[in-house]
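Fold and contact review
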Amino acid sequence: MPMFVGVVAGAAVAAVAFLIGLFKMMWRVAEPNEALIISGSKHRTEGLEEGMGFRIVTGRGTMVLPGVQAVRKLSLDLNETELHVDCVTHQGIPLKVRGVVIFKVGDDFVSIANAGRRFLDQQRLMSERVHNVFAGHLRSIVGGLTVEDMIRDREKLTGQTRAACGTEMEKLGLIVDSLQIHEIEDPTGYIQNLAMPHAAAVQRDARIAQAEANRLATEAEQQSFARMAEATRDSEILQAGYQAERDHAAAKARQAGPLADAGARQEVVVQETRVAELEAQRREQQLQVDVRKPADAQAYEKRTLAEADRDARISAAEARARETELAAAAEATRVKQAASAEAEATRTRGEAGASATRATGEAEAAAAQAKGLANAEATRARGLAEAEAIKARAAALAENQEAVVAQQLAENWPEIVRAGASAFGSVDNMVVLNGADGVSELLAKALTMGGTGLGLARKLLASMDQNEPVPNGTSPLNGVVPPAVEKIPVRED
Amino acid sequence: MGDASMVGLMGRVTGTVGPGLVGEVIVRVRGGAEHFLAYPAQGAERIESGTVVMVVEYLPPRTVYVSPAYDS
């Protein structure tokens, strides 16, 4: 029994499992990104007009009879195709364009039907087909554009793309979501050159901006440094001020003790000084009492005594002087009287003398006058006689010089002998060895010298005759010549 | 989902519509938004991007004719 139940239950489970499996085989669900294309049944065609012969299911499940109907899936996913195309632009510049086309199957049934009919078995080749289509179209698109348009004007590029490919792709049941140009290879360097001025300008602007920014930054930095320095300075000044105050206070505190000490000492000193002063005053007063007053008294005494003494002496002197004066006056009177008497006597005597003398003088004068006259006469007579003599002598001299000289010598002989004897004059005590003969010999020699002098004078005169002017210079003669020299002015007369 | 449902829908121009141009409009349809190739419905009209348009005619599969929804 339980066996039977188990079999029945197992059969039921198997039946259920079979039914579920059968349903799973017949029920197909279209996923959101795919369309089911079911063919093989004439019935239950929905959403499609006649003549299509298959039905399209999107977004839901549907019953499919296995073996009767065929179910195919068409992906509605996005596809993309890489494009590598050599093109020539509107300006004739050759470019290599690399881009991508993003496309998908259209969502409406018409597009799905078109695409299903074309690509159902070639979904993997769809990209290739589209590439082929687009390679040609891209050439025409780029050919209608300039390089600048391609770079800058996307609107124009998409517009051209739509114009060139839109209807084309419509036929294939595809829609183009986007056509992107990834890269434009530019063998001639056109784009680079195109960009160069702009790049240079941008670079210039960038450098300017950089420099400006640097300048501003440096300015700000320097300002900041300056402010920092300023703040540091202020702070240091404040710190120094506070330090100074602290030092001041500390010093004051340190000095307080000694200062108080000194104050106290000063008080003591002041008091001591006061005491000393008082003592000095006391001592001074004591001294005044002890020394000065007695001394003053003594001095006064002495002075008074001296003054008295002096006065006494003065009085005495005055008295004496008066006495002398009176005596002198008396003497003077007496002398005066004596003198006048004497004068009277003398005058009388003088007058008598004078008359006597006058008489004598007159007599003497007369005598002298007579004597003078006589003398004068005598002198005149003598002068005439001398003049006559000189004249005669001059004549004689002119005639016989030698005679004159001899006469002169003879006249002056005593003088000459005196001069020769003068040599002996200085002899104090002469001893003559030859006795009287010796003395006479000596004298003879001395006199011979006079004779020799005579000879010399004669010779001299002779030479004077020969060469007229003989200077009256020195001659070897001693004491004889000066009279001869005196003669020369006489002869010239 | 009949085709007639497209006509009368409002859309926005994403590519300029005009004579000599193939424009593009995006229209809310089938729970999403799809874009269609667009042509002006009337003559030499030029409709700039961003303009709100109404679908006047729908030519399957992906072509619509539009006219501005508001008078300028």
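Residues numbered from 1 in each chain as written. Chains lettered and ligands numbered in written order. Predicted model: local features only at pLDDT ≥ 70, side-chain atom pairs only at ≥ 80, totals over all residues. Heavy atoms only, no water.

**With respect to the overall build of chain A**
The condition is simple: Helix numbers and strand numbers start at the N terminus; a helix is a DSSP run of H or I with at least 4 residues, a strand a run of E with at least 2. Think of it in three bands: residues with accessible area under 20% of the maximum for their type are buried, residues over 50% are exposed, and the middle band is partly exposed, with areas taken using a 1.4 Å probe on protein chains only. Whether two residues touch is decided by their heavy atoms; if any such pair falls within 4.5 Å, the residues are in contact. Per-residue accessibility takes into account occlusion by the displayed protein chains alone, with areas from the Shrake-Rupley method and a 1.4 Å probe.
Helix and strand counts for chain A stand at 9 helices and 8 strands. Burial statistics for chain A: of 493 residues in total, 18% are counted as buried. Within chain A, contacts between residues separated by at least 24 positions form 70% of all contacts whose residues are at least 6 apart in sequence. When the accessible surface of chain A is totalled, it reaches about 35,100 Å², and 59% of it is carbon and sulfur.

**Re the sheet that holds strand S7 (residues 94-105) of chain A**
Residue and element names in this part refer to chain A. Definition in use: Pairing between two strands is assigned when DSSP locates at least 2 bridges connecting them. Note on definitions: angles span 0 to 180 degrees between N-to-C directions of axes, and those axes are lines fitted to C-alpha atoms, for helices only across the stretch in contact.
Strand order in this open sheet of 3 strands is S6-S7-S8, and the pairing throughout is antiparallel. The open sheet has two edge strands, strand S6 (79-88) and strand S8 (174-185), and neither has a second partner. The sheet shows a mean angle of 25° between the axes of neighbouring strands, direction not considered. Of the pairings in the sheet, the one linking S7 to S8 comprises 10 bridges and is antiparallel in character. Residue pairing in the sheet places Lys104 in a bridge with Ile175 of S8. Contacts from helix H3 (residues 126-143) reach S6, S7 and S8 within the one sheet, and its direction differs from that of S6 by about 35°.

**Brief notes about the pattern of salt bridges**
Threshold: Think of a salt bridge as a Lys or Arg side-chain nitrogen and an Asp or Glu carboxyl oxygen that are within 4 Å of each other.
Counting across every chain of the model gives 21 salt bridges over all chains. Between Arg380 of chain A and Glu377 of chain A there is a salt bridge, with the nearest N and O atoms lying 2.7 Å from each other. Separated by 3 residues within a single helix, Arg380 of chain A and Glu377 of chain A lie in helix H6 (residues 190-399), roughly one turn from each other. A salt bridge links Arg46 of chain B to Glu48 of chain B; the nearest nitrogen and oxygen atoms lie 2.9 Å apart. Several salt bridges converge on common partners, so that one network encompasses Asp108 of chain A together with Glu34 and Arg62 of chain B.

**Side note on the interface of chain A and chain B**
Let me state the cut-off plainly: Summed over both partners, the accessible surface that disappears when two parts come together, traced with a 1.4 Å probe, is what is meant by buried area. The term polar contact refers here to a pair of N or O atoms within 3.5 Å; inside protein, the definition further demands a hydrogen-donor-capable atom paired with an acceptor-capable atom, and it admits residues adjacent in sequence only when both atoms are side-chain atoms. Under the scheme applied, nonpolar residues are Ala, Val, Leu, Ile, Met, Phe, Trp, Tyr, Cys and Pro; charged residues are Asp, Glu, Lys and Arg; polar residues are all the others, including Gly.
Between chain A and chain B, the contact holds 15 residues from the first and 17 residues from the second. Carbon and sulfur atoms make up 54% of the area that chain A and chain B hide from each other, which totals about 1,300 Å². By the criterion of area lost to chain B, the three top residues of chain A are Asp108, Arg162 and Glu170 of chain A, representing 46% of everything that side buries. Where chain A touches chain B, the interface holds 1 salt bridge. Salt-bridge contacts for Arg62 of chain B lead to Asp108 of chain A; the nearest nitrogen and oxygen are separated by 2.8 Å. For the pair chain A and chain B, the interface holds 6 residue pairs in polar contact (both at pLDDT 80 or more). Among the elements that take part in the side of chain A that touches chain B, helix H5 (residues 154-172) of chain A stands out by supplying 6 residues, more than any other. Class assignment of the residues belonging to the side of chain A that touches chain B gives a composition of 4 nonpolar, 5 polar and 6 charged.

**A look at the packing of aromatic side chains**
All names here are of chain B. Rule in force here: Here is the rule: rings of Phe, Tyr and Trp (six-membered ring for Trp) pair when centre to centre is within 6.5 Å. Planes less than 30 degrees apart are stacked, more than 60 are edge-to-face, and the remainder are tilted. In this scheme, the term charge over a ring applies when either NZ of a lysine or CZ of an arginine sits within 6 Å of the ring centre and within 35 degrees of the ring normal.
Under the counting rule described, the total for this entry stands at 3 aromatic pairs over all chains. Ring centres of Phe36 and Tyr58 lie 6.0 Å apart, and the angle between their planes is 90°; this geometry places the pair in the edge-to-face category. Linking Phe36 in strand S3 (residues 32-40) with Tyr58 in strand S4 (residues 52-59), this pair joins segments that are 22 residues apart in sequence. Accessibility classification places Phe36 together with Tyr58 in one group, the buried group. Their ring planes at 35° and their centres at 5.7 Å tell us that Tyr39 and Tyr65 sit as a pair that is tilted. With Tyr39 in strand S3 and Tyr65 in strand S5 (residues 63-68), this pair connects stretches of sequence that are 26 residues apart. Classification of Tyr65 as partly exposed rests on a relative accessible area of 28%. Seen from the ring of Phe36, Arg62 lies directly overhead, with NZ or CZ sitting 4.5 Å from the centre.

**Section: the packing of helix H2 (residues 109-119) of chain A against H5 of chain A**
Residues and elements named next belong to chain A. How we decide: Small angles under 35 degrees read as roughly parallel and large ones over 145 as roughly antiparallel, with 65 to 115 read as roughly perpendicular and the rest as oblique.
Where H2 contacts H5, the two axes come as close as 7 Å, and the packing angle between them is 75°. It follows that H2 is roughly perpendicular to H5 by the angle criterion. Contact residues: Asn114, Ala115, Arg118 and Phe119 in H2; Glu170, Lys171 and Leu172 in H5. Here the residues of the contact of H2 with H5 are counted per class, giving 3 nonpolar, 1 polar and 3 charged.

**Things to note about the side chain of Glu170 of chain A**
Convention followed: We treat Lys and Arg as the positive residues and Asp and Glu as the negative residues; His and chain ends play no part in the count.
Following the sequence through the fold, Glu170 of chain A ends up in helix H5. Buried charged residue Glu170 of chain A carries no salt bridge. Nearest counter-charge: Arg62 of chain B, at 6.3 Å. Polar side-chain contacts of Glu170 of chain A include one of 2.3 Å to the side chain of Thr63 of chain B. Apart from the residues within four sequence positions on either side, Glu170 of chain A is in contact with Asn114 of chain A together with Leu37, Pro61, Arg62 and Thr63 of chain B.

**Description of the sheet that holds strand S3 (residues 54-58) of chain A**
All names here are of chain A. The sheet built from 3 strands is open, its strands ordered S3-S2-S5 with antiparallel pairing. Among the strands making up the open sheet, the edge pair consists of S3 and strand S5 (70-75). When strand polarity is set aside, the average angle formed by the axes of neighbouring strands in this sheet is 25°. On the sheet, H2 packs against strand S2 (34-39), S3 and S5 and is oriented at approximately 120° with respect to S3.

**A look at the environment of Val71 of chain A**
All names here are of chain A. Turning to its location among the elements, Val71 is positioned in strand S5. Taking the relative accessible area as the measure of exposure, Val71 reaches 21% and is therefore partly exposed. Once the C-alpha coordinates of Val71 and Arg55 are considered, the two residues, 16 residues apart in sequence, prove to be 9.7 Å apart. In this view, Val71 contacts Arg28, Leu36, Ile37, Ile38 and Val64; residues no more than four positions away in its chain are not counted.

**A closer look at the packing of H3 of chain A against H5 of chain A**
Residue and element names in this part refer to chain A. Definition in use: Rotating anticlockwise by less than a right angle from the far helix to the near helix defines a left-handed crossing, while the corresponding clockwise rotation defines a right-handed one.
Contact geometry for H3 and H5: axes closest at 10 Å, N-to-C directions at 140°. Here H5 runs oblique to H3, going by the angle between their axes. For the pair H3 and H5, the sense of crossing is right-handed. Two secondary-structure elements touch here, H3 through Val130, Val133, Phe134, His137, Ser140 and Ile141 and H5 through Leu157, Gln160, Thr161, Ala164, Cys165, Glu168 and Met169. Partitioned by chemical class, the residues of the contact of H3 with H5 number 8 nonpolar, 4 polar and 1 charged.

Any functional reading would require information beyond the geometric quantities listed.
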